[in-house]
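Given next are the chains, with one letter for each unit.
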Amino acid sequence: MDPSDYRCSLLAMQLADEWIEYVAATTITAHAKAYQMGIKRLCQYVDKVCGPEAAGKSLADDDLFEALMAWELALPEDYAPSSTWPNTIAAAVRVLIVRRDDHADRVVAPALARFARGPALLGSGESTERDEFERKEKRALIRAAWQSARATRKRLEQGWALAGQGRHPDQGSWTSVPDLLWGLAHDQITPDHVRRLAPPPREWPVELQEFTAGPGCVPHPQTARLQLCRKLFASLYPTTLDLHAYRVLLMDATGHTSEEVTGFGEKDVEFLPKGVRLTLVKNRAGLRRHRAFRDRPAPAEATPDDHDEGQLTLDGARREASEIVRQLLDLTARVRAKAPDVTDTLFVSAAVPGDFTAVFNRWAPHRVTARFGNWLDAMGVEIKGDRHIGRMRKSVKVEKAIVTEGRISAAADDHTEETFANHYAQGTTLRIMSGRTISTAQQHWFDKALNRADGPTVISGTTEDVDQRSLEESGLSAQEAEDIMAGQLDMGVSHCKNPYQGPYSRPGELCAVAPLRCLECRNAWILPTNLPQLLLFEAHLKRLRTLLTPQAFERLWGQSWVNLGAVLDDRTPEELALARKHIEAGQAVLDLPLAAHTEFDA
C-alpha cells in the first residue's frame with residue numbers, strides 16, 4: 001500500500017511502519033492481510049469524515065479518538081451478519097496502535113492508547129468450520145498425488161537424460177532442446193541468453209515449438225521465449241505446482257498440518273532403521289516437536305464401493321513418511337544446492353519470472369497460477385466445496401478419531417482436546433458416527449426394554465386352559481410347574497418359580513418383598529387364578545396414590561403400577577366381572593405386610 005494515496009498520509013504512514021515491523025518480527029503470512037486491510041479501511045474512513053482536515057491527522061492527536069471509535073462500530077455494516085472480519089480488522093488496528101505506544105520514542109495520544117488497550121466494541125462473530133474431504137475425494141487425492149509424484153520424477157529424469165545428450169548451444173544450436181537443457185543444467189547459459197540469442201519463434205523447428213506449447217500447438221510469438229525458458233526449467237527442476245503432491249502425501253502420512261510438513265529442512269530429518277524422525281514446527285502455536293514415524297506393513301488397498309456412500313471405511317494402503325521424505329530430498333536436491341540460504345524447508349522450486357532470471361527459492365503455493373486448486377485442475381480431481389488443503393488435515397483427524405473409537409484424548413495428540421472439539425469434531429463423518437452411535441445405543445436399550453426379563457411372565461387364557469404341560473412349554477421345569485399347579489409357590493398376587501433365588505434378597509434366603517414387588521420380578525408367573533388378588537392389589541395402589549405425592553408414588557410403585565395395568569388390560573370384561581364377584585363373595589383376600597399400610601406416613 002502507498003500512504004500517499006490517502007489525505008491522512010501521516011496516519012497511514014505511521015500504521016504502515018508498524019505493520020511492516022510487526023510482519024518482519026512475527027513472520028506472519030496470510031494473516032498479514034488483515035492488518036493491511038485495517039489500515040486501508042481506517043484511512044478511507046478518516047478521509048471521508050474529516051475531509052481536508054484529514055491531512056493533519058496522526059496517532060498523536062486526541063481528537064482522532066471519536067473517528068476511530070465510530071469507524072470500529074461502523075465496520076459490521078459492510079459485512080454479512082456474524083462475520084468474523086469486523087472484529088479481526090479492528091483488532092489488527094488496535095495491535096498496531098498498542099505496538100507504537102510501546103515504543104518510548106513514538107508518540108500516541110493517551111486517549112487512543114487507552115482505547116486500543118480497552119475492551120473490544122465488536123463481537124467475534126461466527127466462523128464456519130471447513131468440512132473434511134469425503135472418503136471418495138480423499139482416495140482420489142492420494143491417488144492423484146502419487147501419480148503426480150511419479151510423473152514429476154519421470155519428467156526430470158528424461159530432462160536430465162536429454163541434457164546429457166547436448167552441448168553448448170554456441171557449438172550446437174539455439175533451437176535444439178538437448179543443447180538448451182545442457183547449457184542450463186551446467187550453468188553455461190541463463191534464461192536471458194535464451195531470450196537474446198534464440199532465433200525468432202517463427203524460425204523454430206516443429207520439435208521446439210511442440211516442446212514449448214504442446215503437441216500440435218504453436219506458441220504465441222510475444223510469450224514464446226518466456227514459455228520456452230519455463231518449460232526448460234520444468235524439465236530440470238521441480239516447480240511449485242509439482243510440490244503440492246508431496247504436501248498432500250506428507251499430511252496424509254503424518255497427520256500434521258500443512259505448515260508443519262512444509263516447514264522442516266534437511267537438518268530436521270533423521271532416518272531410523274524402520275522409519276524417520278522429523279522436527280516439526282508450528283509457528284501459530286509456538287511448538288517445536290520431534291516426532292518419529294515408524295514404517296508399517298501396508299495392507300492391500302480396499303476397493304471402494306461407490307454405491308455404499310454411507311459406510312465409513314478407512315483407506316487401505318498408505319505409503320510411509322520415510323519413503324515420501326526420501327523422494328522429496330532426492331527431488332529437490334539440485335534446487336537446494338542452488339539456494340543454500342534456504343535451510344528450513346525441503347519445499348523449494350525453480351522458476352523463471354517475467355524478467356528472464358533464474359530463481360531458486362522456497363515454493364510459493366499462494367501464487368495465482370500455482371495454488372492447490374490449480375493442481376487439482378491439472379490432475380483432474382473433482383472436489384465439492386472449498387478447495388483448501390486444510391481439509392486434508394481434518395480428514396486425517398477424522399480417521400484417527402475412527403481408529404481410536406472416538407476417544408478425543410487419543411485423536412488430539414498434537415493439540416488440546418478443546419481444539420479438537422472446536423475445529424475437528426464438527427466434520428460430517430464424525431457427525432454421522434455420532435448419529436449412528438446414538439441410534440445404536442437407543443436401539444440397544446429399546447430392544448432390551450422389549451425383551452427384558454425383569455418383569456413377570458403372564459399366562460393368558462382361562463383357568464381351564466392352564467395345566468402343567470402348558471406351564472412347562474412356557475419355560476418352567478417339570479418340578480416348578482408341578483409346584484405351581486399344587487399352589488405351593490403362591491405368593492399372593494402371583495406364583496414364584498423359585499422364592500429362594502429372588503433378585504431382591506440374597507441367594508438361598510426366602511424372598512422378603514413378596515407380594516409387594518412380585519409385579520417387578522422376573523421369577524413371578526401370573527396365572528388366570530391370580531386375577532382377583534390383582535384387582536385387590538390395584539385397589540391398594542390406588543389408595544396409595546391418594547396418600548403419596550406423585551414423585552414418591554412414581555419412585556416406589558411406578559413400575560408395579562405400569563406392569564399391573566398391562567396385565568389387567570389383557571383381561572376381558574367378563575373375566576374382570578367374574579373376579580370381582582369372587583371378591584364380593586369373600587372368596588379372595590390379599591394378605592399384605594403391615595409396612596404396606598404405614599408407608600404413606602414416611
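Check the entry above for the structure.
What counts and what doesn't
Residues numbered from 1 in each chain as written. Predicted model: local features only at pLDDT ≥ 70, side-chain atom pairs only at ≥ 80, totals over all residues. Heavy atoms only, no water. Helix = DSSP H or I, 4+ residues; strand = E, 2+ residues; numbered from the N terminus. Buried < 20%, exposed > 50% of the residue type's maximum accessible area, 1.4 Å probe, protein only. Contact = heavy atoms within 4.5 Å. Areas by Shrake-Rupley, 256 points an atom, 1.4 Å probe, with all protein chains shown as cover. Pairing = 2+ DSSP bridges. Axes fitted to C-alpha atoms, helices over the stretch in contact; angles between N-to-C directions. Salt bridge = Lys/Arg side-chain N within 4 Å of Asp/Glu carboxyl O. 1 Å grid on protein atoms, 1.4 Å probe; cavity = no way out; pocket = protein on both sides within 12 Å on 5 of 7 lines; lining within 4 Å. Points joined across faces, edges and corners; volume = space filled by probe spheres on them. Nonpolar A, V, L, I, M, F, W, Y, C, P; charged D, E, K, R; others polar. Core = buried A, V, L, I, M, F, W, Y, C linked by side-chain atoms within 4.5 Å. Lys, Arg positive; Asp, Glu negative; His and termini not counted.

## A look at the overall build of the protein chain
Part 1 of the reasoning: Broken down by element type, the protein chain carries 24 helices and eight strands.
Part 2 of the reasoning: Sorting the 602 residues of the protein chain into buried and exposed places 44% on the buried side.
Part 3 of the reasoning: Of the contacts made within the protein chain by residues no fewer than 6 positions apart, 63% connect residues no fewer than 24 positions apart.
Part 4 of the reasoning: Summed over its atoms, the accessible surface of the protein chain is roughly 32,200 Å², and 52% of this surface lies on carbon and sulfur atoms.

## Section: the sheet that holds strand S3 (residues 287–294)
Each strand in a sheet pairs with another by means of backbone hydrogen bonds, the pair being arranged parallel or else antiparallel.
Part 1 of the reasoning: Pairing is antiparallel in the open sheet, where three strands are placed in the order S1-S2-S3. Each edge of the open sheet carries a strand with a single partner, namely strand S1 (269–272) and S3. Looking at each pair of strands side by side, their axes are set apart by 25 degrees on average, direction ignored.
Part 2 of the reasoning: Pairing of S1 with strand S2 (residues 275–282) involves four bridges; the strand directions are antiparallel.

## Quick look at the pattern of salt bridges
Part 1 of the reasoning: With the rule as written, the count across this model stands at 25 salt bridges.
Part 2 of the reasoning: Where Asp 192 meets Arg 196, a salt bridge forms, and the shortest distance between an N and an O atom there is 3.0 Å. In this pair, Asp 192 and Arg 196 both sit in helix H8 (residues 191–197), four residues apart, roughly one turn of the helix.
Part 3 of the reasoning: In this structure Asp 192 comes out as partly exposed when scored by relative accessible area, which is 23%.

## Considering the sheet that holds strand S8 (residues 524–526)
Part 1 of the reasoning: Overall, mixed pairing links the three strands, which are arranged S6-S8-S7 in an open sheet. Taken across any chain shown, the strands that pair with only one partner, and hence form the sheet edges, are strand S6 (457–458) and strand S7 (495–496).
Part 2 of the reasoning: Two elements, S6 and S8, share two bridges in a ladder whose sense is parallel. For Thr 457, the partnering residue across the bridge sits in S8 and is Trp 525.

## Examining empty space enclosed by the protein
Part 1 of the reasoning: Scanning all chains against the criterion turns up two cavities of 30 Å³ or more.
Part 2 of the reasoning: The computed volume of the largest cavity comes to approximately 90 Å³.
Part 3 of the reasoning: Cys 496, Cys 511, Ala 514, Cys 518 and Cys 521 are, among the 13 residues lining the largest cavity, the residues nearest its centre.
Part 4 of the reasoning: A class-by-class count of the residues in the lining of the largest cavity yields nine nonpolar, three polar and one charged.

## Things to note about the nonpolar core
Part 1 of the reasoning: Within the largest apolar cluster, 39 residues are counted, with the highest numbers of intra-cluster contacts made by Leu 141 and Trp 375.
Part 2 of the reasoning: With eight residues, helix H11 (residues 240–254) is the largest single contributor of residues to this core.
Part 3 of the reasoning: Contacts of Leu 141, omitting those with residues within four sequence positions, involve Phe 133, Val 248, Phe 372, Trp 375, Leu 376, Val 381, Ile 383 and Met 392.
Part 4 of the reasoning: One finds Tyr 6, Leu 11, Cys 50 and Leu 68 within the second-largest nonpolar core, a separate group that totals 34 residues.

## Some words on the side chain of Asp 179
Part 1 of the reasoning: Mapped onto the secondary structure, Asp 179 falls in helix H7 (residues 177–185).
Part 2 of the reasoning: Summary of buried charges: Asp 179 has no salt-bridge partner, and the nearest side chain of opposite charge, Arg 167, is 4.6 Å away.
Part 3 of the reasoning: When residues no more than four places from it in sequence are discounted, the contact partners of Asp 179 are Gly 166, Arg 167, Pro 169, Gly 172 and Ser 173.

## Here's the deal with the environment of Gly 216
Part 1 of the reasoning: Examined against the element boundaries, Gly 216 turns out to sit in the loop between helix H9 (206–213) and helix H10 (224–236).
Part 2 of the reasoning: Residue class for Gly 216 comes out exposed when judged on its relative accessible area of 69%.
Part 3 of the reasoning: In this structure, the C-alpha to C-alpha distance between Gly 216 and Val 206, residues 10 residues apart in sequence, is 8.9 Å.

## Comments concerning the pairing of S2
Part 1 of the reasoning: Counting buried residues in S2 gives seven out of eight residues, a clear majority hidden from the surface.
Part 2 of the reasoning: Sheet analysis places S2 next to S3, joined by eight bridges and oriented antiparallel. Within S3, the position partnered with Arg 277 by the bridge is Ala 292.

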